[in-house]
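The residues making up each chain are set out below.
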Amino acid sequence: MVDLEQYRQEVEVFLGELDKESYLHFAGHKEEANFSGVYEKHKELFARSAIEEIQELEEKAGGEEKRRLGYLLLFSMEHFLGQEVKEIQDQMAMQEARAKIDVQGQEIGYRYSHVVQMNEPDPERRALIESRRVEATERELNPNYVRLWEQVYSATRDLGYESYARMFSSLKRVDFQQLAQQLEPILDRTDDLYLENMDHVLRQEIGISLQEVRRSDIPYLMRGKEFDAYFRAERMMEVFYHTLKGLGVDLDEQKSIIVDAEPREKKSPRAFCAPVKIPQEIYLVIMPSGGQDDYEAFFHEGGHAQHFANVSSRQAIEYRYLGDNSVTEAYAFLFDHLPKNRYWLERMLGIERWERFLRFSHTLNLLSLRRYIAKLQYELKLHDGTPLEGKDELYTEILSRGVLVEYPKEMFLKDVDESFYCANYLRAWILEAQLEEYLKGEYGEAWFGEKKAGDFLRELWSYGQKYRADELAKELGYQGLDIDPLIRQADDALS
């Protein structure tokens, strides 16, 4: 018989240890990750008997307890799958950290090669770096990715679900097919807008047309070197600090947030936030590469950090650590969208001629949105319960249609987040557009400089993830998650 209170306390300890291990490994402090050791230590959390008891309790419960048990059930099943493949994940993490690629006699770390590529002005060398990384992915990582997903699918069937997609659609209480259908019109409604602006931005920033561009050019484009003079690395923390000051938040007093911005060769180029103990111990990690993309990544993860650091310690464990991750992603998007606000650019960076940068920035945001819509479409087919054969061709077809740039089929398993996190991002994009529209309506276009706006956000943050994204949208006065503010956001910026 599961002792729920003890179970909940052990969940908090487990997640803290797992996030600490993630922080140490992906921040480059230790080469070998020991995720399997953390899972082994807490394996009773994911015993089939425990999962079945929680499932039975959730089916019988009502009200607040049903909500909490639903979040626990999602947690237990998600990590049950993680436990099934923990050895492969450890092996792959170590393999990726150690992997090198050879570029014209220069040996570059596999992870760090992305940073090198995004700073490389020569398009042929960018293409060579990417091709070497793609080759290494196919040769060294894909065999283990295939093993990993085949084991995950087998465990999914053992839990009684016909497919991975059906399992997480049920556990997250989100109809993924319906979400994909809701978002599909965005591709059609923004096609002309995207074609015109993407071609313009490519020609202006890197001298390549949309017809000529290769996927290897996109990281360099997103790096936005032309704007480095505005987005100086040495000012990033100061700008973040003053932005928070405008909202009534003093970063110096937030001892719970530990910033790790040191470059390390084996540090993941992907910025992240590791909430080891919410709200007391939050790691904010970024691999500095300079420029506007560095600011955006830092502000995104800074949004996560502010959310986690402001969660009320009185909230239940499920609401501090679990729940609908679309919510924390919406808060992160709210912060990384600040450099897309002309008033923020003027006040924080002193940029008076911001038109060129805003067109560049909003075009890349539309690119990312379209890519994630395509990712959801692809992952619904990837995880539909049928064999993996041929799914690499589907990846190329669907992603290339969304972004209008050819994607390499070898990345069909590498470019996939677990647990349909792409759906969390998309729901977050919608909620962020609604939240930003609300803040502008209540506090003005320069809402980021209003303490009352900060007070409002801190109240939202204090709930953790007790409420789902669609519930918060209703609190803002919408019928639910509505894509119209998202489309208005793109139209207003790029039309």
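Just so you know, these numbers come straight off a predicted model, no measurement behind them.

K.L.:
Outline the packing of helix H1 (residues 4-26) against helix H4 (residues 63-84), listing residues and values.
P.N.:
Between H1 and H4, the least distance of the axes is 12 Å, while the angle of their chain directions is 45°. Compared by their axis directions, H1 and H4 come out oblique. Once H1 is placed against H4, the crossing between them reads as left-handed. In this structure, H1 contributes Leu-4, Tyr-7, Arg-8, Val-11, Phe-14, Leu-15 and Leu-18 to the contact, and H4 contributes Glu-65, Arg-68, Leu-69, Leu-72, Phe-75, Ser-76 and His-79. Among the residues making up the contact of H1 with H4, the classes are represented as 9 nonpolar, 2 polar and 3 charged.

K.L.:
Describe the pattern of salt bridges, naming the residues involved and giving the relevant values.
P.N.:
In total, this model carries 56 salt bridges according to the counting rule given. Between Arg-356 and Glu-205 there is a salt bridge whose closest N-O contact spans 2.9 Å. Of the two residues, Arg-356 is situated in helix H16 (residues 355-382) and Glu-205 in helix H9 (residues 176-206); the sequence distance between them amounts to 151 residues. By relative accessible area, which is 34% here, Arg-356 ends up partly exposed. What makes Glu-205 buried here is its relative accessible area of 13%. With a closest N to O distance of 3.3 Å, Glu-379 and Lys-375 form a salt bridge. Separated by 4 residues within a single helix, Glu-379 and Lys-375 lie in helix H16, roughly one turn from each other. Through salt bridges with shared partners, one network takes in Glu-5, Arg-8, Glu-65, Arg-68 and Glu-318.

K.L.:
Describe helix H12 (residues 292-309), and please don't skip the residues or the numbers.
P.N.:
The end-to-end C-alpha separation of H12 is 25 Å, in line with the 26 Å expected for 18 residues at 1.5 Å each. Along H12, 16 of the 18 residues are buried, which leaves the element largely enclosed by surrounding structure.

K.L.:
Tell me what's going on with the domain arrangement of the protein, and back it up with residues and numbers.
P.N.:
According to the domain assignment, the protein consists of domain 1 (1-98), domain 2 (100-160) and domain 3 (177-494). For domain 1 versus domain 3, the distance between C-alpha centres works out to 26 Å. Counting residues at the interface gives 27 residues for domain 1, matched by 30 residues for domain 3. Carbon and sulfur atoms make up 55% of the surface buried where domain 1 meets domain 3, a total of about 2300 Å² over both sides. In terms of surface lost to domain 3, no three residues of domain 1 exceed Glu-12, Tyr-23 and Tyr-71, which account for 28% of the buried area on that side. Counting across the domain 1 and domain 3 interface gives 8 salt bridges.

Cut-off values and rules
Residues numbered from 1 in each chain as written. Predicted model: local features only at pLDDT ≥ 70, side-chain atom pairs only at ≥ 80, totals over all residues. Heavy atoms only, no water. Axes fitted to C-alpha atoms, helices over the stretch in contact; angles between N-to-C directions. Helix = DSSP H or I, 4+ residues; strand = E, 2+ residues; numbered from the N terminus. Parallel < 35°, antiparallel > 145°, perpendicular 65-115°, else oblique. Left-handed = near helix turned anticlockwise from the far one by under 90°. Contact = heavy atoms within 4.5 Å. Nonpolar A, V, L, I, M, F, W, Y, C, P; charged D, E, K, R; others polar. Salt bridge = Lys/Arg side-chain N within 4 Å of Asp/Glu carboxyl O. Buried < 20%, exposed > 50% of the residue type's maximum accessible area, 1.4 Å probe, protein only. Expected span 1.5 Å × (residues − 1). Domains from an automatic or database assignment. Buried area = accessible area lost by both parts, 1.4 Å probe.

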